[in-house]
Amino acid sequence: MYSNGDIFVGEVIGTAVLILFGAGVCAAVTLHYSKARAAGWVVIAFGWGMGVLAGAYTAAPLSGGHLNPAVTVGSAVAGGTEWSKVPLYILAQMVGAAIGAVLAWALYYAQFAANAEADKAQPTLGIFSTGPEIRNPVANLVTEIIATVGLVLPLLFFGQNKGIGIGQVPGEHVGVYGSGINVLLVALLVVGIGLSLGGPTGYAINPARDLGPRLVHALLPIPNKGSSDWSYSWIPVAGPLIGAVLSGLVYNAAF
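These numbers were taken from a predicted model, which means no experiment stands behind them. (Residues numbered from 1 in each chain as written. Predicted model: local features only at pLDDT ≥ 70, side-chain atom pairs only at ≥ 80, totals over all residues. Heavy atoms only, no water.)

**Side note on the overall build of the chain**
Move 1: Each helix and strand in the chain was counted, giving 10 helices and zero strands.
Move 2: Secondary structure of the chain in N-to-C order comes out as α-α-α-α-α-α-α-α-α-α.
Move 3: Computed over its C-alpha atoms, the radius of gyration of the chain comes to 17 Å, within 12% of the 18 Å expected for a compact globule of 255 residues.
Move 4: Counting all 255 residues of the chain, 55% fall into the buried class.
Move 5: Of the contacts formed within the chain by residues at least 6 apart in sequence, a portion of 76% connects residues at least 24 apart.
Move 6: When the accessible surface of the chain is split by element, carbon and sulfur atoms take 69% of a total near 10600 Å².
Move 7: The centroid of the 9 positive side-chain charges in the chain is displaced by 6 Å from the centroid of its 10 negative side-chain charges. (Helix = DSSP H or I, 4+ residues; strand = E, 2+ residues; numbered from the N terminus. Rg over C-alpha atoms; globule rule 2.2 N^0.38 Å. Buried < 20%, exposed > 50% of the residue type's maximum accessible area, 1.4 Å probe, protein only. Contact = heavy atoms within 4.5 Å. Areas by Shrake-Rupley, 256 points an atom, 1.4 Å probe, with all protein chains shown as cover. Lys, Arg positive; Asp, Glu negative; His and termini not counted. Charge placed at Lys NZ, Arg CZ, Asp CG, Glu CD.)

Listed below in structure tokens is the structure:
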């Protein structure tokens, strides 16, 4: 349904928008001399949800608006996305995530500098990537698996709605969201996941969302930025992918 070029462009742009909003709200709440400093977890959850809304609506006409390797893999297991296109989706999502992280850094450049000079400088990795409140690899992995099932499984069932989706024509398959209104529902679902399931690990639920910005954090010249915590980095990748496969299998069993 989607050409390779459209998939790449759509996923790069959509994922970049997602991460710009998501890393942006984390920077707004975390960094010194931000008007939203210390606004709290509810603000972060809604910021990420609105990032999903903006990114998915932007990308949907071109690529279906997956923005997440877990969504792509879950859709492929369920038979909605061709396996041959999965590597292209994931590559584009990684590129887009890195671009979005760089844009968020550029937008808050002055605040990053002021943060490094503050008496009580805040760690910056949490702006870009996730980390656990209690470091327990098994528990952290299980958290990411369950939270990702909470995203991907409902999304797959949303796709059963055969109404007209974004950028679609009558009679054409409507992609992972099922209909245009379902993009809004998925955005609200992400807000709910953040509020209900995000406490233990920060709810990566998206390998590209975590790994791409973590790479950017490691490479950017952020003063006093601290560690990029590579010892934890496999969990936000493996957990969502396992959760995606489980979601696809449950979907296939139901249908």
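**A short note on the packing of aromatic side chains**
Move 1: For the structure on display, the rule yields six aromatic pairs.
Move 2: Aromatic side chains Phe 157 and Tyr 251 sit 5.4 Å apart centroid to centroid with 65 degrees between the ring planes, which places their arrangement in the edge-to-face category. Of the two residues, Phe 157 is situated in helix α7 (residues 137-158) and Tyr 251 in helix α10 (residues 235-254); the sequence distance between them amounts to 94 residues.
Move 3: Overall, the relative accessible area of 33% leaves Phe 157 in the partly exposed class.
Move 4: Looking at Tyr 251, the relative accessible area reads 11%, which means it is buried.
Move 5: Ring-pair connections join several aromatic residues into one group, and the members of that group are Phe 157, Tyr 251 and Phe 255. (Phe/Tyr/Trp six-rings, centres within 6.5 Å; stacked < 30°, edge-to-face > 60°.)

**Regarding the packing of helix α3 (residues 69-77) against helix α4 (residues 86-107)**
Move 1: Direction vectors running N to C along α3 and α4 enclose 170 degrees, while the axes themselves pass 9 Å from each other. As the angle between them shows, α3 and α4 are arranged roughly antiparallel. For the pair formed by α3 and α4, the contact residues are Pro 69, Thr 72, Val 73 and Ala 76 on the first element and Val 86, Tyr 89, Ile 90 and Gln 93 on the second.
Move 2: Here the residues of the contact of α3 with α4 sort into six nonpolar, two polar and no charged. (Axes fitted to C-alpha atoms, helices over the stretch in contact; angles between N-to-C directions. Parallel < 35°, antiparallel > 145°, perpendicular 65-115°, else oblique. Nonpolar A, V, L, I, M, F, W, Y, C, P; charged D, E, K, R; others polar.)

**Brief notes about α4**
Move 1: When the terminal C-alpha atoms of α4 are compared, their 31 Å separation across 22 residues agrees well with the 32 Å that a helix rising 1.5 Å per residue should span.
Move 2: Where α4 is concerned, the buried positions are Val 86, Tyr 89, Ala 92, Gln 93, Gly 96, Ala 97, Gly 100, Ala 101, Ala 104 and Trp 105.
Move 3: Buried positions along α4 lie against α1 (4-30), α2 (41-63), α3, α5 (109-117), α6 (125-128) and α9 (207-219). (Expected span 1.5 Å × (residues − 1).)

**Details of the environment of Leu 241**
Move 1: As for its placement among the helices and strands, Leu 241 is situated in helix α10.
Move 2: For Leu 241, a relative accessible area of 30% puts it in the partly exposed group.
Move 3: Between the alpha carbons of Leu 241 and Asn 68 there is a distance of 9.9 Å; along the sequence they are 173 residues apart.
Move 4: Sequence-distant contacts of Leu 241, defined by excluding residues within four places in its chain, comprise Pro 69, Ala 70, Val 73 and Pro 207.

**What to know about the UniProt feature "transmembrane region" (unreviewed entry) in the chain**
Move 1: UniProt annotation of "transmembrane region" (unreviewed entry) refers to residues 12-31, 38-60, 88-110, 179-205 and 234-254 when read in the numbering used here.
Move 2: Measuring from the first to the last C-alpha atom of residues 38-60 gives 33 Å, for a span that is 87% helix and 0% strand. (UniProt positions renumbered as here; feature names shortened; annotations may be inferred.)

**Here we look at the packing of α1 against α2**
Move 1: Relative orientation of the contacting elements α1 and α2 amounts to 165 degrees, with a least axis distance of 8 Å. Judged by the angle between their axes, α1 and α2 are roughly antiparallel. The two elements α1 and α2 cross, and the hand of that crossing is right-handed.
Move 2: A class-by-class count of the residues in the contact of α1 with α2 yields 19 nonpolar, eight polar and two charged. (Left-handed = near helix turned anticlockwise from the far one by under 90°.)

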